[in-house]
Structures are given as structure tokens and as C-alpha cells.
Amino acid sequence: MRPFRQPLVAAAALAFSLSACGPQESVQSPSSAVEDARTPEQAEAERTPYELDAAFARAGQDFQVPAELLKGIAYAETRFEMIQGHQEFEGMPAASGLMALRGDNLTEGARLAGVSVEEARTQPEANIRAAAALLSQWAQAEGIVREDVGAWAPVVVKLSGITNPEAQAQYVHREVYGVMRSGVVAQTPAGGVAVSLLPTEVQAKFASPSVHAMAAGPDYASSIWRASPNYNARPSGSGGGVQIVVIHTCEGSYSSCWSWLTNSASGVSAHYVVNESGSEISQLVRESSRGWHVGANYSPSLNGGVLSNLSGTSVNNFAVGIEHGGSASQSSFPAGQIEASAKLTCNIAKDNGITIDSYHIVAHGKLQPASRTDPGPNWPWSSYISKVKGYCGSGGTTPPPSGGLIIDSNNANNDEAKGYVEMSGSWARTTSTAGYYGSDYYYASTQAISDPATFYFYASAAGTKTIDAWWTAGTNRSPAAPFIFVNAAGTTVATPKVNQQVGGGAWNTIGTFAATAGWNKVQLSRWATEGYVVVADAIRVR
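Rules used in this analysis
- Residues numbered from 1 in each chain as written.
- Predicted model: local features only at pLDDT ≥ 70, side-chain atom pairs only at ≥ 80, totals over all residues.
- Heavy atoms only, no water.
- Helix = DSSP H or I, 4+ residues; strand = E, 2+ residues; numbered from the N terminus.
- pLDDT = per-residue confidence, 0-100.
- Contact = heavy atoms within 4.5 Å.
- Phe/Tyr/Trp six-rings, centres within 6.5 Å; stacked < 30°, edge-to-face > 60°.
- Buried < 20%, exposed > 50% of the residue type's maximum accessible area, 1.4 Å probe, protein only.
- Disulfide = S-S within 2.5 Å.
- Pairing = 2+ DSSP bridges.
- Axes fitted to C-alpha atoms, helices over the stretch in contact; angles between N-to-C directions.

Right, let's get into the environment of Gly425. Locating Gly425 in the fold gives a position in the loop between strand 14 (419–422) and strand 15 (428–430). Between the C-alpha atom of Gly425 and that of Ala444, which follows or precedes it by 19 residues, the distance is 9.8 Å.

So this is what it looks like as C-alpha cells:
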């Protein structure tokens with residue numbers, strides 16, 4: 001077996017050991033500077049530093065597996081890169097090597113190929129041979145005619161570990177056999193041919209992906225809605241509104257990622273998954289709901305000291321998570337994936353009033369450094385944040401007008417056929433504190449008096465509504481400002497309280513209730529502990 005050089009593997013291992021020691025902020029800057037200096041072609045070439053054609057040919061010949069099939073799998077899983085995967089999801093072992101072998105597949109493949117598990121994990125040709133040996137044994141058991149490339153599809157699916165039938169079909173038809181039909185040539189950094197996969201007319205003999213139109217995601221129209229059962233409600237109050245975006249990598253392919261995250265047995269989810277090319281995004285959980293993607297409580301010391309009021313609470317309470325097909329150890333990320341992700345993050349930031357900076361768009365590994373490293377040292381942070389800002393305009397911190405019905409405290413800004421506000425003359429109008437929504441806001445002192453600000457909204461039919469509120473924060477605000485949800489029948493259905501000393505200049509989810517057909521009400525009461533004020537600025541009905 002011919003030895004291969006492995007410069008990027010060693011570099012990545014060093015970077016991981018550094019990132020695991022503490023916050024990633026100091027690691028990201030120099031990495032981003034290097035990343036941003038490369039052209040997309042240079043970055044892509046560095047993903048495949050090896051001359052691999054001969055290794056694929058030898059493995060194919062020795063184990064009677066079509067070499068083009070092995071290349072198709074390698075491209076779908078790793079873009080021909082020797083990854084050293086990390087665990088992203090509990091219950092899914094880390095993937096290793098060009099073929100992304102996991103768990104028992106790595107162990108059994110190494111045994112069948114006559115190499116050590118460590119060799120199969122770290123050496124490109126050993127990894128290819130382990131995958132080929134495993135596929136060969138399964139093909140023998142299935143009675144597959146080895147020259148019939150399309151007939152190998154079931155064992156290709158078996159190697160992937162994907163269990164969702166739709167994800168299996170997408171993976172095998174579009175990702176593995178798709179690249180065999182289109183062909184691909186990967187270059188070494190020196191400009192040589194690393195892998196050459198010539199186009200061939202081949203079809204997988206496997207159930208086809210669904211052809212019916214897929215529903216768009218409820219929060220991002222450019223996504224496909226693939227609902228996950230793994231979520232629950234965000235807590236009410238200032239700790240529950242969306243305040244940050246967390247960037248993840250799947251440590252696997254796009255199809256396997258959304259398949260796992262929509263499996264009730266996995267117990268994990270994210271709100272979105274972006275595929276490797278950026279051509280497809282899945283939404284799995286509504287942004288208003290609490291996805292299960294970060295297994296840690298929030299520590300402001302890991303994130304520049306911002307959002308200190310959320311210290312010790314679950315990150316999932318106030319975060320939207322975006323997974324990306326790929327691995328934290330890969331040397332670069334495809335330009336199309338970065339562009340698609342930046343557009344998505346801009347949309348999330350605008351809809352939720354999130355500040356666009358490196359403290360509010362953060363890495364999973366930054367918030368959970370003890371056990372996670374994703375998206376890795378080569379995620380292009382500086383250019384990514386710039387792209388998000390570019391798609392959002394100058395700064396992206398302006399109150400967002402999109403998503404749901406917004407009712408402002410100034411009726412001049414409202415469509416009063418859909419919603420309006422009423423309050424007594426005891427409420428004072430002002431612009432004294434920055435960060436208000438629209439043109440101004442109202443406030444009133446707290447006391448034992450029935451004198452609420454009432455936001456009316458019309459519902460054409462009964463249904464569940466999520467209510468967000470916007471206020472300007474300050475130390476004189478009530479720490480338990482009482483909201484009252486009243487349906488069109490006049491029944492009080494919920495009475496959440498929020499801390500208006502925090503969460504200013506942003507949408508804060510305050511609760512969900514069952515509205516009835518007609519005019520429903522969201523009231524902000526003054527009846528709270530005296531010595532404070534309550535702020536009526538705007539609400540959003542979703």
C-alpha cells in the first residue's frame with residue numbers, strides 16, 4: 001500500500017486541540033484571515049490534497065467493487081477529504097476518512113480489509129479499502145451482480161446508515177449516483193488531478209425520491225418543511241425569545257443529517273439544515289419553538305460577556321440552530337453553502353431583531369467547548385458575518401417588519417382592519433430610550449389599577465397564536481410586567497409575566513394561546529409591584 005501525505009489532517013488535529021481548551025474567538029480570527037484570502041478554487045483544491053485515482057482503482061479491483069461507485073460515495077460524504085469526525089449527535093458515532101466510516105462499519109471494514117482500525121481511520125487508502133471490503137461482503141450476501149453499478153444501491157444505502165426512506169432515496173439517487181452521472185474532477189493544491197470521476201449514464205435501482213411538491217418552511221420560504229418531533233415550547237419571558245443563531249456542522253451528509261434530526265428516537269433537532277452545495281435547505285422546527293441542538297447552559301464568559309442575564313439557562317431557550325452538511329475537520333466550506341447559509345441567517349436575524357455580530361451569530365463549539373468543536377477552525381467567520389450584513393443591509397439591527405401581524409403602539413402605523421391599540425390618557429408617549437419599534441412607545445407607572453394598554457388583533461378563524469412583544473429595556477422597568485391574553489369570547493386564557501429590564505430593542509416571545517374567531521386582545525396591565533413602569537411598544541402575532 002502506497003503511503004500518503006497528510007498535512008491537513010495534522011493541522012486540523014492541532015487546531016482542534018487548541019479550540020477544545022477554551023473559547024474559539026481567538027482561534028477564529030487568524031483562521032478566517034487565511035480562509036478569506038483564498039479563491040474558491042484554491043479552497044476547494046485544498047479539500048483534496050491527495051492523488052487518489054490509483055487507490056480507488058486498486059480497492060475496486062481487489063474487492064470487485066466498481067471504482068466509480070466508491071468515488072461517488074466518497075464525494076457525497078466528504079468531497080474526497082480525509083475527515084476525522086467528531087460526535088455531533090448522541091447515538092451517532094463519529095465518521096472517519098474519505099468514506100466517512102462510522103462505528104461498527106469502521107471496525108468490521110478494517111477487519112475485512114486486513115488493516116488496523118487506526119489505519120482505516122487515518123490513512124486514505126486503508127479507509128477506501130475498508131469501505132470496499134464491507135460493500136463487497138454485503139453485495140455477496142445480497143447476490144448483487146457486480147458489474148451492474150445500479151444494483152449496488154441498497155448496500156450503498158446500508159453503508160450510509162440512513163433509515164428514513166425519503167432521505168435514503170434522496171441520498172442514493174441525487175448525491176451518490178447523481179455525482180456519477182454528472183462527473184467531477186478534484187484537484188490537488190498543486191493543480192494536479194486528485195480524483196477523476198467521468199460522467200456515466202447510471203441509475204440507482206432503488207425507490208425514487210418523492211415527486212410531490214414539498215411544503216415551504218413556515219419561517220423561511222426558500223426551505224423545505226420536514227417537521228421534526230424533537231422540540232418543545234420556549235420559556236416565556238425575556239429568556240425565551242430568539243436572541244442568537246448557533247452555527248453547527250452535521251458531521252455527516254445533508255440527507256443523513258435531516259433524517260436523524262426528524263427521527264423521534266434521536267431526541268435532537270435543529271431549526272434548519274443547509275446542504276453541501278447550498279441548493280437545498282430543510283426547516284425542521286419553527287423558530288418560535290425550542291429546538292434541541294445545544295447540550296449546554298449559557299456561559300457569558302465564553303461569549304464576550306454578552307447576554308449576561310441569560311447565564312445558566314439552556315442555550316436552546318433563546319437560540320435558533322443551523323446545521324450544515326459536512327464536518328468540523330474539513331479544510332474549507334463550499335462557497336454555495338456559505339452563501340445560502342448567510343441568506344438564511346440574515347432572514348432569521350431580521351425576523352427576530354438579532355444583532356449581526358460574532359457574539360450573536362456563534363459556533364456550537366464556542367458555547368459547548370467541553371464536547372463540541374463545530375463548525376471548526378476553517379469556518380470563514382469574517383466573510384460569513386460580512387455576507388449576512390450584506391444581505392441584511394447596513395447593520396441588520398433595525399426592527400424587522402416581516403413575519404406575522406405587527407401591531408404598533410401608534411395606530412398611524414397599523415392596518416386597523418387587522419389590529420389596533422387602545423389605552424387611556426394615563427399612558428405617556430415618548431422616544432426617550434433608544435431601541436423602540438416604529439416611531440415611539442408608551443409607558444405608565446405600576447400600581448394596583450385596572451388601566452391596561454390593549455392590543456387588538458382580528459382572527460378570521462380559531463387557531464393557536466404566538467405572541468411576541470417589543471419594549472425598550474431599563475432598570476426602572478417592571479421585572480414582572482403582566483400580560484393578559486383574552487380571546488374573542490372574552491375568556492382570559494393566559495397571564496404571562498415578563499422582565500422588561502432586559503430584552504430591549506428585540507422581539508421577545510411571551511407566550512402562545514388559543515385564539516378564537518373575531519377580535520382577540522393582548523393586554524399589558526399596570527397592576528404590578530409599585531415603583532416601576534411598564535412599556536407598551538409593539539406586539540407581533542404569529
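Here the narrative resumes, following the displayed structure.
Turning our eyes to something else, we now look at the confidence of the model for the chain. Scored by pLDDT, the chain comes out at a mean of 86, with 89% of its residues at no less than 70. With pLDDT under 50 throughout, residues 394–402 is counted as low confidence; its partners more than four residues away or in other chains account for 21 contacts.

The final tally for this structure, using the stated rule, is 13 aromatic pairs. With centroids separated by 5.5 Å and ring planes inclined at 55°, the aromatic side chains of Tyr75 and Phe80 adopt a geometry described as tilted. Accessibility expressed as a relative area gives 21% for Tyr75, which makes it partly exposed. Judged by its relative accessible area of 1%, Phe80 falls in the buried class. Between Tyr220 and Tyr272 the ring centres are 6.3 Å apart and the planes differ by 90°, which places this aromatic pair in the edge-to-face class.

Under the definition given, this model contains two disulfides. The disulfide bridge from Cys250 ends at Cys257, spanning 2.2 Å between sulfur atoms. Disulfide Cys250-Cys257: torsion about the S-S bond near -80°, hence left-handed. Comparing Cys250 with Cys257 shows no difference in burial state: the two are buried. Note that Cys346 is cross-linked by a disulfide to Cys392, the S-S spacing being 2.1 Å. Taking the torsion about the S-S bond as the criterion, the Cys346 to Cys392 disulfide, at about 130°, is right-handed. Of this pair, Cys346 sits in helix 12 (residues 335–352) while Cys392 sits in helix 14 (residues 381–392), and the two are 46 residues apart along the sequence. By relative accessible area, which is 5% here, Cys346 ends up buried. Cysteines bonded in the chain are numbered consecutively along the chain; their disulfide partners then correspond to 1-2, 3-4.

This part covers the sheet that holds strand 22 (residues 507–515). Across a sheet, paired strands are connected by hydrogen bonds in the backbone, their directions being either parallel or antiparallel. With antiparallel pairing, four strands are arranged side by side in an open sheet as 13-25-18-22. In this open sheet, the two edge strands, each paired with only one partner strand, are strand 13 (405–408) and strand 22. Between one strand axis and the next, the sheet turns by 25° as a mean value, whatever way the strands run. Two elements, strand 13 and strand 25 (residues 538–541), share four bridges in a ladder whose sense is antiparallel. From the neighbouring strand, Asp408 faces strand 25, where its bridge partner is Ala538.

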